[in-house]
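Listed below, chain by chain, are the residues.
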Amino acid sequence: REATARNRANGGGAAKGQPNERAMEGLPPKWVDRVRDMPPEQQQQFFENNAQFRQLPPARQEQIRQNLEKWNRLSPEEKEAVRGREQFLENLPPEQREYVRSTLLPKWQAMPQPRRQAINRHLAMLRDMSPSTQQGARNDTKFTQGLSPDEQSMLRDLNSLRNPPPAAEQTPQE
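Cut-off values and rules
Residues numbered from 1 in each chain as written. Predicted model: local features only at pLDDT ≥ 70, side-chain atom pairs only at ≥ 80, totals over all residues. Heavy atoms only, no water. Axes fitted to C-alpha atoms, helices over the stretch in contact; angles between N-to-C directions. Helix = DSSP H or I, 4+ residues; strand = E, 2+ residues; numbered from the N terminus. Parallel < 35°, antiparallel > 145°, perpendicular 65-115°, else oblique. Contact = heavy atoms within 4.5 Å. Nonpolar A, V, L, I, M, F, W, Y, C, P; charged D, E, K, R; others polar. pLDDT = per-residue confidence, 0-100. Expected span 1.5 Å × (residues − 1). Buried < 20%, exposed > 50% of the residue type's maximum accessible area, 1.4 Å probe, protein only. Arc of directions from axis to C-beta. Salt bridge = Lys/Arg side-chain N within 4 Å of Asp/Glu carboxyl O.

**Here's the deal with the packing of helix α6 (residues 76–91) against helix α7 (residues 94–110)**
Phase 1 of the analysis: One can describe the packing of α6 onto α7 by two numbers: an axis separation of 7 Å at closest approach and a directional angle of 125 degrees. Overall, the two elements α6 and α7 adopt an arrangement that is oblique. Touching Leu89, Glu90 and Asn91 of α6 are Arg97, Val100 and Arg101, all from α7.
Phase 2 of the analysis: When the residues that make up the contact of α6 with α7 are grouped by side-chain class, the tally is two nonpolar, one polar and three charged.

In structure tokens:
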């Protein structure tokens, strides 16, 4: 289980067409970074010469190869965004990271693409707002119109992860 959690953070994003976070399981995290940074020819050579990879079941090997192909097709900006999400996840407190991995991510992945896009549109609008304006918008029925209660909950959770209040805006204790 620990290996699963560790590798989820090293595999990439969960959006369709992007590397699946679990697709690199079976390889140590440092290998994941190293292999992702190699040109495709060197990736292939690494897999041919790596005993641990060759011992994985064929279906697992194929999944890892397909994930790397998706990674290789990403633009430099998309790769940077994936790495940023990985870094963000690693910097979360352990209990929050576990919540994201065990609850939030599976719910997100189970949502149909159009519903994820609707939530992403709302997140994009919230991103440009101050924290107090964000809170008002999240509580405004006009803003959340068209989102189910579960989607509204997902929006709140994702927004709090993506847009934590800056330390300077937190109320100081006197």
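Following the structure, the description resumes.
**Overview of the confidence of the model for the protein chain**
Phase 1 of the analysis: Per-residue pLDDT for the protein chain averages 79, and the proportion of residues at 70 or more is 76%.
Phase 2 of the analysis: Taken element by element, the predicted model of the protein chain shows its lowest mean pLDDT in helix α1 (residues 2–11) (35) and its highest in helix α8 (residues 113–127) (93).
Phase 3 of the analysis: Scored below 50 in pLDDT, residues 1–23 makes 65 contacts in the model with residues more than four places away or belonging to other chains.
Phase 4 of the analysis: For residues 167–174, every residue scores under 50 in pLDDT, and the model assigns this stretch two contacts once sequence neighbours within four places are set aside.

**Topic: helix α5 (residues 58–73)**
Phase 1 of the analysis: Its 16 residues place the ends of α5 23 Å apart at the C-alpha level, agreeing with the 22 Å of an ideal helix rising 1.5 Å per residue.
Phase 2 of the analysis: Among all positions of α5, only Arg60, Gln61, Ile64, Asn67, Leu68 and Trp71 are buried. An end-on view of α5 places all buried positions within 125 degrees of arc, on one side of the element. Turned more than 90 degrees away from the buried face of α5 sit Pro58, Ala59 and Arg73, all of them exposed.

**What about the pattern of salt bridges?**
Phase 1 of the analysis: The final tally for this structure, using the stated rule, is four salt bridges.
Phase 2 of the analysis: Arg36 is the partner of Glu86 in a salt bridge, and the nearest nitrogen-oxygen pair spans 2.7 Å. Taken as a pair, Glu86 in helix α6 and Arg36 in helix α2 (residues 29–36) lie far apart in primary sequence, 50 residues in all.
Phase 3 of the analysis: For Arg36, a relative accessible area of 4% translates into the label buried.
Phase 4 of the analysis: Between Glu151 and Arg115 there is a salt bridge; the shortest N-O distance is 2.6 Å. On the criterion of sequence distance, the pair formed by Glu151 in helix α11 (residues 149–162) and Arg115 in helix α8 is long-range, its members being 36 residues apart.

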